[in-house]
Amino acid sequence: MEASCLELALEGERLCKAGDFKGGTAFFEAAVQVGTEDLKTLSAIYSQLGNAYFYLKEYGKALEYHRHDLTLARTIGDRIGEGKASGNLGNTLKVLGRYDEAVVCCQRHLDISQEQGDKVGEARALYNMGNMFHAKGKQQLWGISQDPGELPPDVRDTLQRATAFYEMNLSLVKELGDRAAQGRAFGNLGNTHYLLGNFVEAIKFHRERLSIAKEFGDKAAERRAYSNLGNALIFLGQFNAATEYYRKTLQLSRQLKDQVMEAQACYSLGNTYTLLQEYERAIDYHLKHLLIAQELNDRVGEGRACWSLGNAYVSLENHRQALHYTRRHLDISREIGDRNGEMMARMNVEELMEALGVKEADLSPSESEFKVQGNRLSDDSYLQMTNASLLTSPQTEELFDLIASSQSRRLDDQRVGVSNLPGLRITHNNLGHLGGDSDPQEPSDDFFNMLIKCQSSRIDDQRCSPPEGGPRAPTVPDEDFFSLIQRVQAKRMDEQRVQLPSDEQECRWFFFLQ
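Since we're looking at a predicted model, the values are computed, not measured.

**Some points on the overall build of the chain**
Part 1 of the reasoning: Secondary structure summary: the chain contains 22 helices and 0 strands in total.
Part 2 of the reasoning: Across the chain, contacts joining residues at least 24 apart in sequence account for 66% of those joining residues at least 6 apart.
Part 3 of the reasoning: If you sum the accessible surface of the chain, you get close to 25200 Å²; carbon and sulfur atoms cover 49% of it.

Shown next, in the form of structure tokens:
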């Protein structure tokens, strides 16, 4: 017997709840092919298909089905459904970096939730709005080598708006008694205050986040809270306290069998022990980070580890080992096109060769493959990760015209008539609910006009060159205090040209953190 649309959809839902999104989408797509006249069922299928494709990172398909859901909800006058569909569209657009469009969609979700007295929907919309501005602020910071708190005015404004939405979300979820949502709000408030340079506030919120994570037995959230607490303490100069939190981060990462997070914890511990001038311990953790970076094919992380190892060996006056790792850093920087890293590495190589009294001809060629000897941190399998290549900005007017026309067609698609919705069987039973394409209940064009403005500004953004950055390193934390280490090490290299500094001299380099 041929399965009904509802039966197929229920099986798709079951598979998605079990984590099998690939299998789930297959059943949902089959349900769409069979079709249904039940408008609520079809709306639910669109929503779940959009969410499943989102988890599969097929964002184009996710957008397609969330748009179908929005169109259907608006047509049948389902305001709550329209709000949810708008929120789902916003979340997908955020992941694609289309923040202005995302904000328009999430604002519509917020407006509808408030209009309908839907407190849960309102809380979710406020949280999503905070996420939009938080993500936009971090994107604006990408490629800017400044410490937290040292922000351009536009970035500061964006992050302050994120904080305001998170605070409104926190107030509402406290009213609703939703402890899990409170934990998420505390965590994100900690993260935005960290980026704004409000480290004491950040610690307060992350401690709240940690408490709720423990309450729920959420080990992944607990690990994140420990790591974030360590990061904030670094910029308050409390290095010993930071190491305790990073050690707990490392312990939980191993329990969770998360090699990427394990590597990040080792990296943070290596840097913190460098700031504490405990170089042997710093080297131990940087070697562990290097091993995992190699296993995960993270060349950027491997280069960062070699840079750190080179500087640690300089501090121990082991210039030969320092030169070995610095040359590896130079090779990797050339390979991945990191011009700043290459320039820094070349300068360090020259200074180390001068200190050793050797010339390039005296050195053996660098090994093509650099392997670390030592015990493996884990025998568990790992995922191969590749560095995403940077996008180059197209420079021809013809291509921009093509982009503009495709976005214009996409807006037309957003206005798609109900008769074109996939899986919809139009019958006498639902015809009255659907009306025609010129149904007088159809909302105004304000929403689409806002999207047009956002997409027009995005075309102007596409005419600009991308910011200078570099491929991201999965084994290196986003909240990295690399520039702090650079300043310390750069000063040390300058002073070593005269004499090696005493402990008393080195202590002066940390006064600005107290």
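Additional details are given in the paragraphs that follow.
**Some points on the side chain of glutamate 222**
Part 1 of the reasoning: Among the secondary structure elements, glutamate 222 is positioned in helix 11 (residues 219–234).
Part 2 of the reasoning: You can call glutamate 222 buried: its relative accessible area is 9%.
Part 3 of the reasoning: Discounting chain neighbours no more than four positions away, the residues touching glutamate 222 are Leu210, Ala213, Lys214 and Leu252.

**Some details on the pattern of salt bridges**
Part 1 of the reasoning: Evaluation of the coordinates by the stated rule reveals 22 salt bridges.
Part 2 of the reasoning: One salt bridge in this structure joins glutamate 335 and arginine 299, with 2.4 Å as the shortest N-O distance. Of this pair, glutamate 335 sits in helix 16 (residues 319–336) while arginine 299 sits in helix 15 (residues 299–315), and the two are 36 residues apart along the sequence.
Part 3 of the reasoning: With a relative accessible area of 49%, glutamate 335 lands in the partly exposed category.
Part 4 of the reasoning: Put simply, aspartate 331 and arginine 328 hold a salt bridge, and the shortest N to O gap is 3.4 Å. Separated by 3 residues within a single helix, aspartate 331 and arginine 328 lie in helix 16, roughly one turn from each other.
Part 5 of the reasoning: A relative accessible area of 23% means that aspartate 331 is categorised as partly exposed.
Part 6 of the reasoning: Within this structure, Arg74, Arg79, Glu82, Arg108 and Glu115 form a network of salt bridges that share partners.

**Observations concerning unusual backbone geometry**
Part 1 of the reasoning: We note that lysine 257 has phi near 55°; this positive angle belongs to a residue other than glycine.
Part 2 of the reasoning: If you check the backbone angles, glutamate 317 has positive phi at about 65° while not being a glycine.
Part 3 of the reasoning: When you line up the elements, glutamate 317 lands in the loop between helix 15 and helix 16.

**Thoughts on the nonpolar core**
Part 1 of the reasoning: Residues Leu151, Leu159, Tyr194, Ile234, Leu250, Leu269 and Tyr285 are the most contacted members of the largest nonpolar core, which totals 31 residues.
Part 2 of the reasoning: Mapped onto this core, the elements with two or more residues apiece are helix 8 (153–176), helix 9 (179–195), helix 10 (199–216), helix 11, helix 12 (239–255), helix 13 (259–275) and helix 14 (279–295).
Part 3 of the reasoning: The residues touching leucine 151, leaving out its near neighbours within four places in the chain, are Leu141, Gln146, Arg156, Leu159, Leu195 and Leu196.
Part 4 of the reasoning: Core analysis: the second largest hydrophobic core is formed by 29 residues, Ala102, Met129, Met132 and Leu170 among them.

**Brief notes about the UniProt feature "repeat: TPR" (unreviewed entry) in the chain**
Part 1 of the reasoning: Per the UniProt annotation, the sites labelled "repeat: TPR" (unreviewed entry) are residues 43–76 and 223–256.
Part 2 of the reasoning: End C-alpha atoms of residues 43–76 are separated by 10 Å, and the span's content is 88% helix alongside 0% strand.
Part 3 of the reasoning: Helix makes up 85% of residues 223–256 and strand 0%, with an end-to-end C-alpha separation of 9 Å.

**Quick word on the packing of helix 6 (residues 99–116) against helix 7 (residues 119–141)**
Part 1 of the reasoning: Orientation of helix 6 relative to helix 7, taken along the N-to-C sense of each, is 165°, at an axis distance of 8 Å. On the basis of their axis angle, the class for helix 6 and helix 7 is roughly antiparallel. Relative to helix 7, the crossing made by helix 6 is left-handed. Residue-level contacts link Tyr99, Asp100, Ala102, Val103, Cys106, Gln107, His109, Leu110, Ser113 and Gln114 of helix 6 to Gly121, Glu122, Arg124, Ala125, Leu126, Asn128, Met129, Met132, Phe133, Ala135, Lys136 and Gln139 of helix 7.
Part 2 of the reasoning: A per-class count over the contact of helix 6 with helix 7 returns 11 nonpolar, 7 polar and 4 charged.

**What about helix 9?**
Residues separated by three or four positions in an α-helix point in the same direction, a consequence of the helix having 3.6 residues per turn.
Part 1 of the reasoning: In this model helix 9 runs 25 Å from its N-terminal to its C-terminal C-alpha over 17 residues, within 8% of the 24 Å that 1.5 Å per residue would give.
Part 2 of the reasoning: By the criterion of burial, helix 9 is predominantly enclosed, with 14 of the 17 residues buried.
Part 3 of the reasoning: The opening residue of helix 9 is aspartate 178, an N-cap whose side-chain oxygen sits 3.3 Å from the backbone nitrogen of alanine 180.
Part 4 of the reasoning: Of the residues flanking the end of helix 9, it is glycine 197, one or two places downstream, whose phi is positive at about 85°.

**Quick word on helix 17 (residues 339–356)**
Part 1 of the reasoning: Taking 1.5 Å of rise per residue, the 18 residues of helix 17 would be expected to cover 26 Å, and the 26 Å separating its terminal C-alpha atoms lies within 8% of that figure.
Part 2 of the reasoning: All of the buried residues along helix 17 are Gly341, Glu342, Met344, Ala345, Asn348, Val349, Glu351, Leu352 and Met353.
Part 3 of the reasoning: At the N-terminal end of helix 17, a side-chain oxygen is found 3.4 Å from the backbone nitrogen of asparagine 340, two or three residues along, and the residue is aspartate 338.
Part 4 of the reasoning: Downstream of helix 17 by a residue or two, glycine 357 has a phi angle that is positive, lying close to 70°.

**With respect to the environment of methionine 344**
Part 1 of the reasoning: Secondary-structure assignment places methionine 344 in helix 17.
Part 2 of the reasoning: Considering only alpha carbons, one finds methionine 344 and histidine 329, 15 residues apart in sequence, at a separation of 9.4 Å.

**Examining the packing of aromatic side chains**
To describe a pair of aromatic rings, one takes the distance between the centres and the angle between the planes.
Part 1 of the reasoning: Applying the stated criterion to the full structure yields 14 aromatic pairs.
Part 2 of the reasoning: Note on phenylalanine 54 and tyrosine 59: the rings are 5.5 Å apart at their centroids and 70° apart in plane angle, and the pair reads as edge-to-face.
Part 3 of the reasoning: What makes phenylalanine 54 partly exposed here is its relative accessible area of 24%.
Part 4 of the reasoning: For tyrosine 59, a relative accessible area of 18% translates into the label buried.
Part 5 of the reasoning: By the ring-pair criterion, three or more aromatic residues cluster together here, those being Phe21, Phe54, Tyr55 and Tyr59.
Part 6 of the reasoning: Sitting over the face of the ring of phenylalanine 205, lysine 204 holds its NZ or CZ atom 4.8 Å from the ring centroid.
Part 7 of the reasoning: The ring of tyrosine 285 has lysine 288 lying over it, and the distance from NZ or CZ to the ring centre is 5.1 Å.

**Here we look at the confidence of the model for the chain**
Part 1 of the reasoning: The predicted model of the chain has a mean per-residue pLDDT of 80, with 73% of residues at 70 or higher.
Part 2 of the reasoning: In this model, residues 385–415 is a region of pLDDT below 50 whose contacts with residues beyond four sequence positions or in other chains number 50 contacts.
Part 3 of the reasoning: In this model residues 455–469 is a low-confidence stretch, pLDDT under 50, and it forms 32 contacts with partners more than four residues away in sequence or in other chains.

Thresholds applied
Residues numbered from 1 in each chain as written. Predicted model: local features only at pLDDT ≥ 70, side-chain atom pairs only at ≥ 80, totals over all residues. Heavy atoms only, no water. Helix = DSSP H or I, 4+ residues; strand = E, 2+ residues; numbered from the N terminus. Contact = heavy atoms within 4.5 Å. Areas by Shrake-Rupley, 256 points an atom, 1.4 Å probe, with all protein chains shown as cover. Buried < 20%, exposed > 50% of the residue type's maximum accessible area, 1.4 Å probe, protein only. Salt bridge = Lys/Arg side-chain N within 4 Å of Asp/Glu carboxyl O. Core = buried A, V, L, I, M, F, W, Y, C linked by side-chain atoms within 4.5 Å. UniProt positions renumbered as here; feature names shortened; annotations may be inferred. Axes fitted to C-alpha atoms, helices over the stretch in contact; angles between N-to-C directions. Parallel < 35°, antiparallel > 145°, perpendicular 65-115°, else oblique. Left-handed = near helix turned anticlockwise from the far one by under 90°. Nonpolar A, V, L, I, M, F, W, Y, C, P; charged D, E, K, R; others polar. Expected span 1.5 Å × (residues − 1). Polar contact = N/O pair within 3.5 Å; in protein donor to acceptor, adjacent residues only side chain to side chain. Phe/Tyr/Trp six-rings, centres within 6.5 Å; stacked < 30°, edge-to-face > 60°. Lys NZ or Arg CZ within 6 Å of the ring centre and 35° of its normal. pLDDT = per-residue confidence, 0-100.

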